[in-house]
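# Observations on the three-dimensional arrangement
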Amino acid sequence: MLIKNQQLNDTLRITLIITLCMLAGNLLHLENNVYLVLYPTLLMTKGKDYSWYGLLKMLIPTLIAATCALIIAETFKDHPFAIWTISLIFIDQVRRSANTPAKQGGMLMPVFNWVLIIVFSQYTSASMPMRIHEIFISMAVTIAVCKFMVWLFPVAKNGKAPQIKPQQVTYQHRFISLSLIGSGLAFLMIVDLLSATFCMVPVIAAATQFNRAQYLRVVKLRFITQIGGCALAIIFTLLLAGHQSVISFYALGLGFLIFTITNWMVNSPNKFKDLHADVLLATVLPIQLYMGNISFGLERTYLRAWELAVTLGILFILYQLTRSRDNNGQINHQYSNIG
């Protein structure tokens, strides 16, 4: 009974935090309200420490990365190659320090926000300093809602987390990360395709893995969760069509959707929790990004699903091509031993 109560407690806490932050993003009329779905969802699915220090430790690196990216973009706005080169140095330095799974997850948002600021500064007339301001507001709102809900629905104490031995980040790891993330950034800086910027999230996640098995697992997992999340967002949009401007109806529908996915996540075995967490983020992101008071945003959600499918397909093809080369190398090595 205590376990069931705690699971319901966790489900309600996560649901209310994400729902309230998403509603705040709409009510505050922020130009970039996507941060009020990214931050709470990542905090609730990846975070372990909900103290003031723990929350700031997760969010501050994102603000620092975005601010530094803005300075670089403004300073070298007429020299895109210099911006790209400095971006590679930043990505490499962050990758060097990501020697545990927690640090791997922690580098996702800073690197993605760096890419986001660099790309958007190239092709939009929007005020980049205002974007930094909105990141700060989103952080403040997220932390305030999170602290209140953690007080209302306390987190169970699971004891001391197991110590994970750091892995060595080799030159090969760094080269692969730079090749994949750097190539993606270069493409977005050359081709005016802003909608594809969010496809960098699975690229960063795959590029920072330590071995090929983990890389393939991330690609396959993201294909299921990202495309499936877009499908759920489309279904939600169609069910809510014509009523999305009614805030109470929208809040109830959104809360029910998040509660359902969160309940699956909380009650699933540990090996499936990441799957449901990614589905949750992939579902609420297009809703927050594209669903407006007047428009449904279905065409942009379809485009997002297509761009993600193409991106993940390219990552899978790269895996297959390198596997073929490795297999040929092993066969030639065996023949040389026989000779």
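Worth saying up front: this structure is predicted, and the values here are computed from it rather than measured. (Residues numbered from 1 in each chain as written. Predicted model: local features only at pLDDT ≥ 70, side-chain atom pairs only at ≥ 80, totals over all residues. Heavy atoms only, no water.)

Turning next to unusual backbone geometry. A negative phi angle is the norm for most residues apart from glycine, just as the trans form is the norm for most peptide bonds. Here His 29, not a glycine, exhibits a phi torsion of approximately 55°, which is positive. Examined against the element boundaries, His 29 turns out to sit in the loop between α1 (2-27) and α2 (35-46). Judged by its relative accessible area of 68%, His 29 is exposed. (Helix = DSSP H or I, 4+ residues; strand = E, 2+ residues; numbered from the N terminus. Buried < 20%, exposed > 50% of the residue type's maximum accessible area, 1.4 Å probe, protein only.)

At a closest axis distance of 11 Å, the pairing of helix α10 (residues 212-240) and helix α11 (residues 247-267) adopts a crossing angle of 150°. Between α10 and α11, the interaxial angle falls into the category roughly antiparallel. Note on packing geometry: the crossing formed by α10 with α11 is right-handed. Every residue of α11 that contacts α10 at Leu 232, Phe 236 and Leu 240 is listed here: Phe 249, Tyr 250, Gly 253, Leu 254, Leu 257 and Ile 261. Of the residues that constitute the contact of α10 with α11, the class distribution is eight nonpolar, one polar and no charged. (Axes fitted to C-alpha atoms, helices over the stretch in contact; angles between N-to-C directions. Parallel < 35°, antiparallel > 145°, perpendicular 65-115°, else oblique. Left-handed = near helix turned anticlockwise from the far one by under 90°. Contact = heavy atoms within 4.5 Å. Nonpolar A, V, L, I, M, F, W, Y, C, P; charged D, E, K, R; others polar.)

So, on to the confidence of the model for the chain. Scored by pLDDT, the chain has a mean of 85; 90% of the residues are at 70 or more. Confidence drops under a pLDDT of 50 for residues 329-339, and excluding neighbours within four residues, the segment shows zero contacts in the predicted structure. (pLDDT = per-residue confidence, 0-100.)

Right, let's talk about the packing of helix α9 (residues 200-207) against α10 for a bit. The interhelical angle for the contact between α9 and α10, taken along N-to-C directions, is 155°, at an axis separation of 8 Å. Comparing the axis directions of α9 and α10 gives the class roughly antiparallel. Crossing angle aside, the handedness with which α9 passes α10 is right-handed. In this structure, α9 uses Val 201, Pro 202, Ala 205 and Ala 206 to contact α10, whose residues at the interface are Tyr 215, Val 218, Val 219 and Arg 222. Of the residues belonging to the contact of α9 with α10, the class tally is seven nonpolar, no polar and one charged.

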